[in-house]
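Inside the fold
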Amino acid sequence: MYIHILVRAPPIRVCREGKVTQRLLVDCRAATMVEGTSPYGLVEDAAIALEGERIAWAGARADLPARFADWPGETLEGRVVTPGLVDCHTHLVHGGDRAKEFEMRLEGASYEEIARAGGGIVSTVSATRAASEDDLVAQSLPRLDALIAEGVTTVEIKSGYGLSIDDEIKMLRAAKRLGDARDFRLKTTYLAAHAVPAEYRDRPHEYLDEVVLPGMDRGRNEGLIDAVDGFCEGIAFSPAEIAHVFDRAVMLGLPVKLHAEQLSNLGGAKLAASYGALSADHLEYLDRGDIEAMAGAGTVAVLLPGAFYTLRETQLPPVEALREAGVPIAVATDSNPGSSPMTSLLLAMNMAATLFHMTPEEALAGVTRNGAKALGLSDEIGTIEAGKRADLAIWNIREPAELSYRIGFNPLYRRYFGGTA
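Per an unreviewed UniProt entry, the protein chain is named Imidazolonepropionase, and its organism is Stappia sediminis. Check the Subcellular location (unreviewed entry) section of the UniProt entry for the protein chain; it says "Cytoplasm". Annotation of the protein chain in UniProt includes, under Sequence similarities (unreviewed entry), the sentence "Belongs to the metallo-dependent hydrolases superfamily. HutI family."

See the structure below:
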C-alpha cells in the first residue's frame, strides 16, 4: 500500500541553464508498451536512464550498462512506470456548456433530434463565437489541467465550434496558448467541417467553399494547423463533401482524420483510408469493407466510449473484427460539451474495457502506443524505449491493469514531460 507524501527529489545533474540532464529511475516495473514482448512490454525490476529530454536506456536493472551506473538515481519502490498518456481526440476548447441538452436527452430526445432543433454543435457555436480568445483559454485550462493531473503528456485539440474563418482561427490560437501555458505536447486539428452554421443552412457547398477551405489556407499559413478533420454523418457532411475538404488538405500537405460511422454507415472510414488518414474515429457502424480499407492504409481506429455512454448508444464498435484485421485501436476522451463532457482519460480506459470489451492491456495501448500513432507521433512518444522522448507517468500501483480497473481514482505519483518532473 502506498502513502501519498511529498518527498525531496534526489540530486540530479543539471546544465548551466538549470535544466535536468541526467537521471536514473530504478526499482520500478516498466510497462514499456513495446509490441512483441511480454504483456504490456513489462520489464520487472527495471531501470530507465533519462538524459535531457530523451530516454537514454531502458531495461532490466541487472542489464544496466556501466556508463549509467553512477547517474543520480531515484528509487521508485516497485511502482509502475508507463509512457505518458496520450489523449488523441478532444474538443477541449469551447465556450459554454450543454447541461440543458443533457436533461433533454434524459427526457427522451435523441442526439439527432436535438441537433435538428438547433441544439447540439450549433448551440456551442453561439457560445464560442461570443467568447473572446482570453475567455476560451480561461474556460479550457481547468479541463486541460484535469487531463495533465492524470499523467497525460500529449493532447490533441480540435477547432470546430467557430464555423466562421475568424472564430475557427480564434479557437486554434486559444489552443496554442494552452500549449504555452502548460507543459504538454499539443497537436491542433482544424475541424471547420464539423457542422453547417445557421447562416449557411441548406447551403453546405457554399459553406465549404467560402469558410472551410479559405479558413484552412489561413490557418496553415499562420502555423496553427497540424491536421484536418471532418464530421461525415447525415447531420453533418457527406463523403463527397468531406473529399472536397480532404483534397485541399492534401494540397497543403496536411494529414487528415475523420469522425466516421458514429450514427450510421456512410462509408466515411473507407474514404478516410483512401486518403491515408491518420485515424478514423467513433466507428460504431463500421463494416467489414471499412475495416479492410483501414488495415490496408494503416489508419488507426480511435474509439470514444465517453460519447457512446453519454448518448446511451447500443451499437458497439466492432472491436473483435478490428483486432482480427490488425487495425491499431486507440482510446480517447472526446472531451466536448455535448456528447462527451469528460476530462478523465483513466475513466475512458475503464469504459473501453467495460463497455467495448477491450482488455486492460489494449486500453493502455490505446492511450499510449496507439494514441501516439493516431497523431503521427510514433517515432517520438508512446513507448518506453531508448531515443524516445522522456514523457513518463509513474503510478502508485503494482499491476498495469489497475489503471483500467478503478473508477474515479487517480493513482498518479509523478509525471515526467521531456525528462522534467
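Overview of the overall build of the protein chain
Broken down by element type, the protein chain carries 15 helices and 16 strands. The C-alpha extent of the protein chain, read off along each of the three principal axes, is 70 × 45 × 45 Å. Relative to its full complement of 421 residues, the protein chain shows a buried share of 57%. Once local pairs closer than 6 in sequence are excluded, the contacts in the protein chain between residues at least 24 apart make up 70%. As presented, the protein chain carries roughly 16500 Å² of accessible surface, and 51% of it is formed by carbon and sulfur atoms.

Considering the UniProt feature "binding site: Fe(3+)" (unreviewed entry) in the protein chain
Sites flagged by UniProt as "binding site: Fe(3+)" (unreviewed entry) map to His89, His91, His259 and Asp334. Maximum C-alpha separation among the annotated residues is 12.3 Å over a sequence range of 246 residues, consistent with a single clustered spot. Residue position: His91 is located in the loop between β7 (85-87) and α1 (99-106). Residues in contact with His91, not counting those within four places in the same chain, are Lys158, Ser159, Tyr161, Leu191, His194, His259, Asp334, Ser335 and Asn336. Within polar-contact distance, the side chain of His91 engages the side chain of Asp334 at 3.3 Å. Turning to its location among the elements, Asp334 is positioned in the loop between β14 (329-331) and α12 (345-356). For Asp334, the residues in contact, after removing those within four places along its chain, are His89, Thr90, His91, His282, Leu304, Ala307, Ser339 and Ser340.

A short note on helix α7 (residues 239-251)
An ideal rise of 1.5 Å per residue puts 18 Å on 13 residues; α7 measures up with 18 Å between its terminal C-alpha atoms. Considered for burial, the residues of α7 that qualify are Glu241, Ile242, Ala243, Val245, Phe246 and Ala249. Where α7 ends, the next residue or the one after it, Gly253, has phi of about 75°, a positive value.

Quick notes on the packing of helix α6 (residues 204-221) against α7
Running from N to C, α6 and α7 cross one another at 20°; their axes reach a closest spacing of 10 Å. As judged from the angle between their axes, α6 and α7 are roughly parallel. Two packed elements cross with a definite hand, and for α6 against α7 that hand is right-handed. Taking contact as the criterion, the partners of Pro204, His205, Leu208, Asp209, Val212, Leu213, Met216 and Asp217 in α6 are, on α7, Glu241, His244, Val245, Arg248 and Ala249. Here the contact of α6 with α7 is built from residues that sort into seven nonpolar, two polar and four charged.

A word on the packing of aromatic side chains
Applying the stated rule across the entire model yields six aromatic pairs. Site record: aromatic cluster; members linked through ring pairs are Trp57, Phe68 and Trp71. The positively charged end of Arg79 is found above the aromatic ring belonging to Tyr413, 3.8 Å away from the centroid. Here Arg406 stacks its cationic end above the ring of Phe409, 5.4 Å away from the centre of that ring.

What to know about the nonpolar core
Counting 94 residues, the largest nonpolar core has Tyr207, Val212, Met216, Val228, Leu283 and Trp395 as its most contacted members. No other element matches α12, which puts seven residues into this core. Taken domain by domain, the makeup of this core includes at least three residues from each of domain 1 (22-84 + 383-416) and domain 2 (85-374). When near neighbours in sequence (up to four residues on either side) are disregarded, Leu283 contacts Ala260, Glu261, Gln262, Ala269, Met294, Ala301, Val302, Leu303, Pro317 and Pro318.

Thoughts on the sheet that holds strand β11 (residues 257-260)
If you walk across this open sheet you meet the eight strands as β7-β8-β9-β10-β11-β12-β13-β14, and the pairing is parallel. Strand pairing shows two members of the sheet lacking a second neighbour, β7 and β14, which therefore form its edges. Between one strand axis and the next, the sheet turns by 25° as a mean value, whatever way the strands run. Of the pairings in the sheet, the one linking strand β12 (residues 279-282) to strand β13 (residues 300-303) comprises three bridges and is parallel in character. Across the sheet, residue Ala280 finds its bridge partner in β13, namely Ala301. Each of β8 (152-158) and β9 (185-193) is contacted by helix α5 (residues 165-181), which is oriented at about 170° to β9, the strand it contacts most.

Let's talk about the domain arrangement of the protein chain
Domain assignment breaks the protein chain into domain 1 (22-84 + 383-416) and domain 2 (85-374). Between the C-alpha centres of domain 1 and domain 2 the distance comes to 31 Å. Contact with domain 1, which involves 26 residues of that partner, is made by 24 residues of domain 2. Taken together, the two surfaces of domain 1 and domain 2 that pack against each other cover about 1900 Å², and 59% of this comes from carbon and sulfur. For domain 1, the biggest contributors to the area lost against domain 2 are Met33, Ser404 and Arg415; these three give 34% of the whole. Residues Arg369 and Glu35 are paired through a salt bridge, measuring 3.7 Å at the closest nitrogen-oxygen approach. Run the count over domain 1 and domain 2 and you get seven residue pairs in polar contact (both at pLDDT 80 or more). Of all elements in the fold, only β6 (80-83), β15 (392-395), α15 (402-405) and β16 (412-416) reach the threshold of two or more residues within the side of domain 1 that touches domain 2. When the residues that make up the side of domain 1 that touches domain 2 are grouped by side-chain class, the tally is 16 nonpolar, five polar and five charged.

Brief notes about the state of the cysteines
In total, this model carries zero disulfides according to the counting rule given. The thiol of Cys88 is unpaired, and the distance to the nearest cysteine sulfur, on Cys232, comes to 19 Å. For Cys232, a relative accessible area of 1% puts it in the buried group.

Cut-offs applied
Residues numbered from 1 in each chain as written. Predicted model: local features only at pLDDT ≥ 70, side-chain atom pairs only at ≥ 80, totals over all residues. Heavy atoms only, no water. UniProt positions renumbered as here; feature names shortened; annotations may be inferred. Helix = DSSP H or I, 4+ residues; strand = E, 2+ residues; numbered from the N terminus. Buried < 20%, exposed > 50% of the residue type's maximum accessible area, 1.4 Å probe, protein only. Contact = heavy atoms within 4.5 Å. Areas by Shrake-Rupley, 256 points an atom, 1.4 Å probe, with all protein chains shown as cover. Polar contact = N/O pair within 3.5 Å; in protein donor to acceptor, adjacent residues only side chain to side chain. Expected span 1.5 Å × (residues − 1). Axes fitted to C-alpha atoms, helices over the stretch in contact; angles between N-to-C directions. Parallel < 35°, antiparallel > 145°, perpendicular 65-115°, else oblique. Left-handed = near helix turned anticlockwise from the far one by under 90°. Nonpolar A, V, L, I, M, F, W, Y, C, P; charged D, E, K, R; others polar. Phe/Tyr/Trp six-rings, centres within 6.5 Å; stacked < 30°, edge-to-face > 60°. Lys NZ or Arg CZ within 6 Å of the ring centre and 35° of its normal. Core = buried A, V, L, I, M, F, W, Y, C linked by side-chain atoms within 4.5 Å. Domains from an automatic or database assignment. Pairing = 2+ DSSP bridges. Buried area = accessible area lost by both parts, 1.4 Å probe. Salt bridge = Lys/Arg side-chain N within 4 Å of Asp/Glu carboxyl O. Disulfide = S-S within 2.5 Å.

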